[in-house]
Amino acid sequence: MNSDFLKTVAESAARVAETFQALPFRADRPYDPRPVANSAAAELAVLRAAVAALDGPLVLNTPAPNAKTEPLGVDLAGLMSFLQLVEVLYHGLDTVPPVMTVAAGRNLSATHVIARRVRDRARREAAAGS
């Protein structure tokens, strides 16, 4: 992973974390998921492009047969999965219906948590490589 990739990942994950922080889900009041779904779609596109531009595997440190999994790559894949879930699950909704309240709380919270984790790991790895 190069410094441009790490910077792109850190900045994208930071935007996700900031959006989800600014628009916290509360089960006791109506929630419009469109802003977080739109953010998820936009940042997923950024991350897909960054991964596609890599010149090798995302989750391996070395090409050796016993190579260890790279935590950032695994977390990034998880973040991208959650971003897709948010984008698709809340597409077209102007409010989260009561039947989806519990799942929405879990999905949005998990996305926020993993976005912060990816942001912090990418920043640490970028700083270590500088």
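### Quick word on the packing of aromatic side chains
Scanning all chains against the criterion turns up one aromatic pair. Measuring from centroid to centroid gives 5.1 Å for Phe25 and Tyr31, while their planes differ by 75°, and the two rings are edge-to-face.

### Thoughts on the pattern of salt bridges
Applying the stated rule across the entire model yields seven salt bridges. Of the charged contacts, one joins Asp32 and Arg34 as a salt bridge, the two residues approaching to 2.8 Å between their closest N and O atoms. Judged by its relative accessible area of 30%, Asp32 falls in the partly exposed class. Between Asp120 and Arg119 there is a salt bridge, with its nearest N and O atoms 2.8 Å apart. By relative accessible area, Asp120 is classed as partly exposed at 30%. Residue class for Arg119 comes out buried when judged on its relative accessible area of 17%. Taken together, the shared-partner salt bridges in this structure form one network comprising Asp75, Arg117 and Arg121.

### Concerning helix H4 (residues 101-129)
The α-helix advances 3.6 residues per turn, and as a result positions three or four apart in sequence lie on the same side. Relative to the 42 Å expected for 29 residues at 1.5 Å per residue, H4 spans 42 Å between its end C-alpha atoms, a close match to the ideal helical length. Looking at the buried side of H4, the elements it contacts are helix H1 (3-22), helix H2 (34-52) and helix H3 (71-89).

### Structural notes on the nonpolar core
Formed by 32 residues in total, the largest nonpolar core has its most connected members in Phe5, Leu76, Leu79, Tyr90 and Val118. Taken together, the elements giving at least two residues each to this core come down to H1, H2, H3 and H4. Top element by residues in this core is H1. It accounts for eight residues. Look past the residues within four positions of Phe5 in its chain and what remains in contact with it is Ala50, Val51, Leu54, Leu58 and Leu76.

### Looking at the packing of H1 against H4
Put simply, H1 and H4 touch, their axes get as near as 8 Å, and they point 150° apart. Here H1 is positioned roughly antiparallel relative to H4, judged by the angle of their axes. Along this stretch, H1 crosses H4, giving a crossing that reads as left-handed. Residue-level contacts link Leu6, Val9, Ala10, Ala13, Ala14, Val16, Ala17, Phe20 and Gln21 of H1 to Leu108, Thr111, His112, Ala115, Arg116, Val118, Arg119, Ala122, Arg123, Glu125 and Ala126 of H4. For the contact of H1 with H4, a count of residues per class yields 13 nonpolar, three polar and four charged.

Rules used throughout
Residues numbered from 1 in each chain as written. Predicted model: local features only at pLDDT ≥ 70, side-chain atom pairs only at ≥ 80, totals over all residues. Heavy atoms only, no water. Phe/Tyr/Trp six-rings, centres within 6.5 Å; stacked < 30°, edge-to-face > 60°. Salt bridge = Lys/Arg side-chain N within 4 Å of Asp/Glu carboxyl O. Buried < 20%, exposed > 50% of the residue type's maximum accessible area, 1.4 Å probe, protein only. Helix = DSSP H or I, 4+ residues; strand = E, 2+ residues; numbered from the N terminus. Expected span 1.5 Å × (residues − 1). Contact = heavy atoms within 4.5 Å. Core = buried A, V, L, I, M, F, W, Y, C linked by side-chain atoms within 4.5 Å. Axes fitted to C-alpha atoms, helices over the stretch in contact; angles between N-to-C directions. Parallel < 35°, antiparallel > 145°, perpendicular 65-115°, else oblique. Left-handed = near helix turned anticlockwise from the far one by under 90°. Nonpolar A, V, L, I, M, F, W, Y, C, P; charged D, E, K, R; others polar.

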